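The residues making up each chain are set out below.
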Amino acid sequence: MRPLTEGLLNRAYVVETDTEKFFLKDYLNQTPDTIRAQHLVTRRLSEAGLPVSAPLADAEGVTLQQDGDQLLALYPWVEGYHKRGTQLDPKQCRELGTLLGQLHNALDRHYGSVQQPLFLPCDPVEKATGTAHRLLTAIRRLTVREGVDELAEFRLHERLKLLRELADRRPGPELTLTVGPVHGDFHDLNIMYGAKGVCSIVDWDRLELAPCLEELIRSALIIFVEFGRLDLDLVREYVHGYLDERPWLAPEIPAAVHRLWWERLTDFWMLTWRYELHDERPSVQFADQSAMIVWWTHHYDKVLHTLT
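Here goes a summary of the coordinates provided. (Residues numbered from 1 in each chain as written. Predicted model: local features only at pLDDT ≥ 70, side-chain atom pairs only at ≥ 80, totals over all residues. Heavy atoms only, no water.)

1. With respect to the packing of aromatic side chains
- By the definition in use, this model includes five aromatic pairs.
- Their ring planes at 75° and their centres at 6.1 Å tell us that Phe23 and Tyr75 sit as a pair that is edge-to-face. Taken together, the residues span a long stretch of sequence, with Phe23 in strand E3 (residues 21-27) and Tyr75 in strand E5 (residues 70-76) at a distance of 52 residues.
- Exposure remark for Phe23: the relative accessible area of 25% places this residue in the partly exposed category.
- Centroid distance Trp261 to Tyr300: 5.4 Å. Interplanar angle 75°. Geometry classified as edge-to-face. (Phe/Tyr/Trp six-rings, centres within 6.5 Å; stacked < 30°, edge-to-face > 60°. Helix = DSSP H or I, 4+ residues; strand = E, 2+ residues; numbered from the N terminus. Buried < 20%, exposed > 50% of the residue type's maximum accessible area, 1.4 Å probe, protein only.)

What follows is the structure in structure tokens.
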């Protein structure tokens, strides 16, 4: 048994026996009831034939084991690998979008009807600028700086300027979106590939009710970004693959794009982790993601046209 270093939210281990290999998950910051609900959903998705990693049950049918304060679950080991979105061809991108649509459809069948629509207010400019100034103060107090700190300071000043210029573009209450159960963290590091394509979708810790298209667009912003830019040709195939499964959501694409653009413009979670939680793990993603929102802002109409 040895620890694995991947993942931001939990501890994980690989367990090897004489005959088999397993993935052991040690849950942090979740309640037993929440974890059991996740286990029920993933087992049903797996039983329905979808490539979903589901926990193993003991002889009594129990999937969550409690050992003192520890909450543990054992999973089959998935022999697979990750792929960046730019390593996929257009057909594979469309198939990945179709798979996400199929997952959302299966989740809808499991949960049944959900009250519609839902308006989630976007952060105001004042909150975002307050966070940016607080982070700048934390950077100025550093006695030793790294390259990421210099980049963070530059990006924060850049973002403050954009927020001043674009304050009137905050999404209003008219931008309502269809809500349903979603994976909550669908991106390339939670997608495992094998010889025949996607073999497992893992890490369902953020399973939640949320706008479905926000998961679609948010995942595209992670999977298909390289050097701070979106590969729009691949994103188009990915989004259209999803809409092949859920065509009734197509009219909501502009609202979803606008809300996600504003969310990224006002979000500083990676820097909050670094300077306030003193956790540097997300910092490796900062260069790409901070450049992407600037690029997206300057190419907003082009991105919207591509996706609609």
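2. Digging into helix H2 (residues 90-111)
- Look at H2: 32 Å from first C-alpha to last across 22 residues, which is about the 32 Å you get at 1.5 Å a residue.
- Those residues of H2 that are buried are in contact with helix H1 (32-47), strand E6 (179-182), strand E7 (191-194), strand E8 (197-201), helix H5 (212-223) and helix H6 (232-245).
- Just past H2, the residue Gly112 takes up positive phi, approximately 80°. (Expected span 1.5 Å × (residues − 1). Contact = heavy atoms within 4.5 Å.)

3. Re the packing of H2 against H5
- At a closest axis distance of 11 Å, the pairing of H2 and H5 adopts a crossing angle of 150°. Considered as vectors, H2 and H5 are oriented roughly antiparallel to each other. Viewed along their axes, H2 and H5 form a crossing whose handedness is right-handed. Between H2, through Leu96, Leu100 and His104, and H5, the contact on the second element is made entirely by Cys212, Glu215, Leu216, Ser219 and Ile223.
- Its residues assigned to classes, the contact of H2 with H5 shows five nonpolar, two polar and one charged. (Axes fitted to C-alpha atoms, helices over the stretch in contact; angles between N-to-C directions. Parallel < 35°, antiparallel > 145°, perpendicular 65-115°, else oblique. Left-handed = near helix turned anticlockwise from the far one by under 90°. Nonpolar A, V, L, I, M, F, W, Y, C, P; charged D, E, K, R; others polar.)

None of this, on its own, says anything about what the molecule does.
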